[in-house]
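Geometric and topological summary
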Amino acid sequence: RHYVIAPAAATGSDFELLRLFVEIDSSNNQWGTSIFDRNSQGIAAVGTDVPTIDIGRFVEATICHRTLPRNESSSRPPTVLLKVDIEGAEFMVYASLLSHNAFCCINALTQELHWVIFPAKVLSHMKQLYSSIVGLAQSRFGCDSFPSISPTQFLDIDDESYLRDGIPFPTPHI
């Protein structure tokens, strides 16, 4: 098994509740779920509380200190990839990944950043914050105990072509 399903919202803290706003229009499979209430913008959504998991701690505890199995049919080393499309919670998650040195064991990160959610008066500050986060991660900040892993690649890739492919999402093993 090469994945873990955590029935929780990825944030920077454990065992709290995060209010998510789930769009009422289910035609996009609730992909418009956000940490921001956008009802005032005409996007009908219902708030629901979801338990949280500190994603930095989770990655550090479950991925950083294990040996990934090699694929015998490939000369490429195993890769840890993190897909980030979390409707505005990116900065909470990136701060957690930095504080737990979890970027040190992530080879690549695909992301869709949601700049549109920020008011114009703070947008330039958020972009500077993002630039600082990327700079710290790519400088291998805190990665002295992980010397063999290259800096995390930040890729602005968000492929949602599988949205309506008919293949069900994996289900948790309980």
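Above this text you will find the structure in question.
Cut-offs and rules
Residues numbered from 1 in each chain as written. Predicted model: local features only at pLDDT ≥ 70, side-chain atom pairs only at ≥ 80, totals over all residues. Heavy atoms only, no water. Helix = DSSP H or I, 4+ residues; strand = E, 2+ residues; numbered from the N terminus. Buried < 20%, exposed > 50% of the residue type's maximum accessible area, 1.4 Å probe, protein only. Contact = heavy atoms within 4.5 Å. Areas by Shrake-Rupley, 256 points an atom, 1.4 Å probe, with all protein chains shown as cover. Axes fitted to C-alpha atoms, helices over the stretch in contact; angles between N-to-C directions. Parallel < 35°, antiparallel > 145°, perpendicular 65-115°, else oblique. Left-handed = near helix turned anticlockwise from the far one by under 90°. Nonpolar A, V, L, I, M, F, W, Y, C, P; charged D, E, K, R; others polar. Arc of directions from axis to C-beta. Polar contact = N/O pair within 3.5 Å; in protein donor to acceptor, adjacent residues only side chain to side chain. Pairing = 2+ DSSP bridges. Disulfide = S-S within 2.5 Å.

1. Quick word on the overall build of the protein
A tally of helices and strands in the protein yields three helices and six strands. For the protein, with 174 residues in total, the buried portion stands at 33%. Pairs at least 24 residues apart make up 72% of the contacts formed inside the protein by residues separated by at least 6 positions. Put simply, the protein shows about 11,000 Å² of open surface, and 56% of that area lies on carbon and sulfur atoms.

2. Focus: the packing of helix H2 (residues 90-99) against helix H3 (residues 120-138)
Close contact between H2 and H3 brings their axes to 11 Å; oriented N to C, the two are set at 30°. The orientation of H2 with respect to H3, classified from their angle, is roughly parallel. With respect to the hand of their crossing, H2 and H3 are arranged in left-handed fashion. Only Met 126, Leu 129, Tyr 130, Ile 133, Leu 136 and Ala 137 of H3 make contact with H2, whose side of the interface consists of Phe 91, Tyr 94 and Leu 98. Among the residues making up the contact of H2 with H3, the classes are represented as nine nonpolar, no polar and no charged.

3. Digging into helix H1 (residues 55-64)
Those residues of H1 that fall on the buried side of the exposure criterion are Ile 55, Gly 56, Phe 58, Val 59 and Cys 64. When H1 is viewed along its axis, its buried side chains cluster within an angular range of 160° and face the same direction. If you follow the buried residues of H1, they end up packed against strand E1 (9-11), strand E3 (45-54) and H2. Where H1 begins, the side chain of Asp 54 points an oxygen toward the backbone nitrogen of Gly 56, at a separation of 3.1 Å.

4. Overview of the sheet that holds strand E6 (residues 153-155)
The strand order across the open sheet built from three strands is E4-E5-E6, with neighbouring strands paired in parallel fashion. The two strands at the open ends of the sheet, each matched to only one other strand, are strand E4 (81-84) and E6. Adjacent strand axes in the sheet meet at a mean angle of 20° when their direction is disregarded. Bridge count for strand E5 (residues 108-111) against E6 is three bridges, and the pairing is parallel. Residue pairing for E6: Ala 108 is matched across the bridge by Gln 153.

5. Observations concerning the state of the cysteines
Applying the stated criterion to the full structure yields two disulfides. Put simply, Cys 64 and Cys 105 are joined by a disulfide, and their sulfur atoms are 1.9 Å apart. Looking down the S-S bond of the Cys 64 and Cys 105 bridge, the torsion is -45°, so its handedness is left-handed. Here Cys 64 is found in helix H1, whereas its partner Cys 105 is found in the loop between H2 and E5, with 41 residues between them in sequence.

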